[in-house]
Every structure is written in C-alpha cells, then in structure tokens.
Amino acid sequence: MKYHQIDSELFIKNRKNFMAKMKPQSLAVFNSNDVYPIGADSTIPFEQNRDLFYLSGVDQEESILVLFPDAPKKEHREILFLTETNEHIAVWEGEKLTKDRALEVSGVKTVYWMKDFEKIFFEVMTQCETVYFNTNEHYRSSHKTETRDMRFIKWCKEKYPAHQVAKSNPILQRLRSVKDPIELALMQNACDITEKAFRRTLAFVKPGVWEYEIEAEYYHEMIRNRSRGFAYTPIIASGNNANVLHYIENNQQCQAGDLILLDTGAEYANYASDLTRTIPVSGKYSERQKQVYNAVNRVKKEATKMLVPGTMWAEYHKEVGKLMTSELLGLGLLDKADVQKENPDWPAYKKYFMHGTSHNIGLDTHDYGILTEPMEANQVYTVEPGIYLPDEGFGIRLEDDVVIQEKGEPYNLMRNIPIEPDEIEEIMNT
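The model shown is predicted, which means the values in this text are computed figures rather than measured ones.

Visitor: What should I look at first to understand the sheet that holds strand β1 (residues 26-31) in this one?
Guide: Note on sheets: strands pair through backbone hydrogen bonds, and any given pair is parallel or antiparallel. Across the sheet, six strands lie side by side as β6-β5-β4-β1-β7-β8; this open sheet has mixed pairing. Pairing within the sheet leaves two strands with one partner each, and these edge strands are β6 (110-113) and β8 (164-167). Strand-to-strand twist across the sheet, computed as the mean angle between neighbouring axes with direction ignored, equals 25°. The sheet contact formed by strand β7 (residues 130-133) and β8 spans four bridges and is parallel.

Quick look at the structure:
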C-alpha cells in the first residue's frame, strides 16, 4: 500500500467497541471483497471491504475476520484467516501478509491460513448460539453484484441452519459514523492531499485546456502524495456540463468565460475526502457568476453553523432550503409567488438546488450514519449547496468536509483550501 502504516490501536479499539455490542454467545464474520474480473486475465484494482478494514486494517483479498468474545478458548476471541503466502506469490504478485505482519497491522494475535477456515469455523460454531452476518444496508446501496459476504451467508445458513442470526450493520452504522482521532488525522491527510491537487489545478487552468487534462493534473498530485487517487469518480464539468449533477465524461474543452465545477476529492488509506470548487476558466468571474457564487457561499457558511450535536438531518435540510430560497429571491431566480404556491414535497428552490446539502463521509464517500438519529460530536459531514442555471450556461457548487464538535461550529478539514472568489482569482492570475 502507498500509505503509511496505521497505528493498530485504532483497529484494536474498533473491535473492542463492536464486540461490546454483540449478544452473549455470538460470533461475527467479516469477509474481504472479491477481486472482480474485467475480461481475459484482467481485474479491477482491488479495494477492501470497508467493514473488514475498519475492524482489522487488513488491506488484501481473500481474508476473513471472526470475532467471538465469549469463545471458550481465549485465542479464538479474535481470529484472522489469510491466504497462505509463499516465495512464488511474493515474486509474481508482491508480498502478502505473513502471520507476524498481520499481527503488527491488526493487533489480532490468532492468525490461521485460509485452508484451515472450515475446520476452525466448525469448532467455534459448535460453541456459539448466534452468528452476525455482514450486510450492506446503506441508504444509497443499490448494488446487484453478489459479494463475498453474500456468498458466505448462503453457505453458512445451509451448513449451520439451527443457529440464530443477527446483523452487524446496525452496530457498524453507529460506530463508523463517529470518528476516532486516528481516523480524523487520516481524513485530514486526505484533505491536505486534495488541497495540493486543487492548488496545482488553479495554476494549470486556462482557456483551451481539456477537462481530462485537469483530471490528470489532480491525479498526478494525488499519486505523488501517497494517495491511490480519487476517492470517487471525479467530476470536471465546464460550462453547462456543471448542470449534470453526476457528469463524469470529462471530455470537453474549457472555453474562455466559462466556469468549471470541480468535484474532486483524494482518498488516503481508504479514507475519503470530498471537495467541490467552481473556478473561472479565464481566471476571473463575471459579475453575474460572482453574484451567484457568493449566494452559494453564504448558504454554505450558514448551513455549516447548523451542524452541531443534536441536529436532525431532515430538519437541517429544511432549514438549508429556507436559506437557499432567500438567496434565490435575492438573485431574481424566484419571486414571492413561486414560494407561496410551492409544493411542500418539492419546494420552489429545488428547481435550482435539487440535491441534499450534507452526507456522512469517512471510509466511504457516502459513509455510514443513521440519519434518523441526532448528530453527534466527531461525525464528519460534507456541506455542499449549489445553484444550477442551464439557461445561463453555468452551475456552481461549493463543498467542504467538517467535523462536528462538542461545542461551537464544526471544524473544517478543508479550511486551508481556497474558496473565496477573490483568493481564487488572485492565485489563478499570479
């Protein structure tokens, strides 16, 4: 891995917190992700199952973590199963975790090779009553691919039909949403890499460059700072492309006078950052562009202040809608009649700002978090209002990642990334 080794204390604490919420006489199983084929002998670059990584720090394929806090044998309370490595594998694929190295990375003392899984698993299943299965219950999940966890659940139910079953996900939703100081430091690193890439881009952009060239500038700076690259598919949207919310083609030439919406966050050690800035191709905003930009920025600043312990996600978005309505009235995009006759299920402001303002971020760009419960300190949220004007040929979105504090306003992990239009213009024209 490109990133520096993470202190295993993080994973030790994460497992301890998870096991404290398990039922008596139960065990939990977490599988790595698959290596997915493309065709012939090609595969998609491997990315670890975030839950397994959160609990172990293991960042390689064909791995299983079993947690059994009430195991009669002390050495079976935490078990890692890994594919046995050898000199041949090291030559052809690179070094894999040895048992000693796995202990160093994860803090798990008991490590078996995968060939012994069924034998050891049979032993611990005869000693437990309940098995926790790991399923993806994120509110945005819509995947059709059968995962390694899903195949394991089918196999386990057939092999051990008399056991009770439980879900790991409700526990992980709560635990993963509140970040440990070690996690916050990793996320700060991801944001700092994003800052370097954005500043590089400000120096590069000029009329005539192509969106994919800008993407390459970002990628260069991310890789050279130990990131794997983008935390999500980047959006480099010039001109009217910015009004396509998930524009990812990045294949158009940037024209003088246009704006470019850049939704481009780096990952670091599997942790995501999520930045959006909107910059002028020619290095200077028009008066109208700056007018709309400042309106979005004001909404962002006021919305950020609302992210405090106790805030409810749904109510927060209603309040942000009121802020945006006021700004759109000021810009002449709405009038009072539009607001008076609006549909409560789709308020008038949604014509120009149709997406949500904030989501949890962490190991996933859209991270785990139970949105029906009050916000807590050390949760990390994005703040990303926007105004989209296809009739005027541009759209503006601004986004930072912020940490909720025990008291006061959130701490902005992207506080050093230029956002004020005058500062962006100055950097682009230096």
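Visitor: Looking at this structure, I do not really get the pairing of strand β9 (residues 235-238). What am I missing?
Guide: Side-chain direction in a regular strand flips from residue to residue, so the side chains alternate between the two faces of the sheet. The side-chain alternation of β9 yields two buried faces, one formed by Ile235 and Ala237 and the other by Ile236 and Ser238. Sheet analysis places β9 next to strand β10 (residues 259-263), joined by four bridges and oriented antiparallel. Its bridge partner being in β10, isoleucine 236 is matched across the sheet by leucine 262.

Visitor: Got a minute to help me understand the packing of aromatic side chains in this structure?
Guide: Taken as a whole, this structure holds 21 aromatic pairs when the rule is applied. Ring plane angle 75° and centroid distance 6.4 Å describe the contact between phenylalanine 18 and tyrosine 132, whose orientation is recorded as edge-to-face. With a gap of 114 residues between them, phenylalanine 18 in helix α1 (residues 9-19) and tyrosine 132 in strand β7 connect regions that are remote in the sequence. The pair formed by phenylalanine 18 and tyrosine 132 is uniform in burial state, with each residue classed as buried. Taking the centre distance of 5.0 Å and the plane angle of 15° together, the rings of phenylalanine 117 and phenylalanine 121 count as stacked.

Visitor: What exactly am I supposed to notice about the pattern of salt bridges here?
Guide: When the charged atoms of two side chains with opposite charge come close together, those side chains can pair. Taken as a whole and judged by the stated rule, the model has 34 salt bridges. For the salt bridge of lysine 73 with glutamate 123, the shortest nitrogen-to-oxygen distance reads 2.9 Å. One end of the pair, lysine 73, is in the loop between β4 (63-67) and β5 (78-82); the other, glutamate 123, is in helix α5 (residues 117-125), and 50 residues separate them in sequence. Residue classification places lysine 73 among the partly exposed residues on the basis of a relative accessible area of 35%. Among the ionic pairs, lysine 290 bridges to glutamate 425, the shortest N-O distance being 3.5 Å. With lysine 290 in helix α10 (residues 287-305) and glutamate 425 in helix α13 (residues 421-428), the pair connects residues that are 135 residues apart, well separated along the chain.

Visitor: When you look at helix α6 (residues 148-159) in this model, what are you seeing that I'm missing?
Guide: Three or four residues apart is the spacing at which side chains of an α-helix point the same way, because the helix has 3.6 residues per turn. Here α6 is twelve residues long and its end C-alpha atoms lie 16 Å apart, about the 16 Å a rise of 1.5 Å per residue gives. Every buried residue of α6 is listed here: Asp149, Phe152, Ile153 and Cys156. The buried side chains of α6 occupy one side of the element, clustering within an arc of 105° when seen end-on. More than 90 degrees from the buried face of α6, the exposed residues found are Lys154 and Glu158. Contact partners of the buried residues in α6: β1, α5 and β7.

Visitor: Would you mind going over unusual backbone geometry with me for this structure?
Guide: The phi torsion of most residues other than glycine is negative, and most of the peptide bonds are trans. One non-glycine residue, glutamine 25, lies in positive phi territory at about 55°. Note that glutamine 25 resides in the loop between α1 and β1. Although it is not a glycine, arginine 226 adopts a positive phi angle of roughly 75°.

Thresholds applied
Residues numbered from 1 in each chain as written. Predicted model: local features only at pLDDT ≥ 70, side-chain atom pairs only at ≥ 80, totals over all residues. Heavy atoms only, no water. Pairing = 2+ DSSP bridges. Helix = DSSP H or I, 4+ residues; strand = E, 2+ residues; numbered from the N terminus. Axes fitted to C-alpha atoms, helices over the stretch in contact; angles between N-to-C directions. Buried < 20%, exposed > 50% of the residue type's maximum accessible area, 1.4 Å probe, protein only. Phe/Tyr/Trp six-rings, centres within 6.5 Å; stacked < 30°, edge-to-face > 60°. Salt bridge = Lys/Arg side-chain N within 4 Å of Asp/Glu carboxyl O. Expected span 1.5 Å × (residues − 1). Arc of directions from axis to C-beta. Contact = heavy atoms within 4.5 Å.

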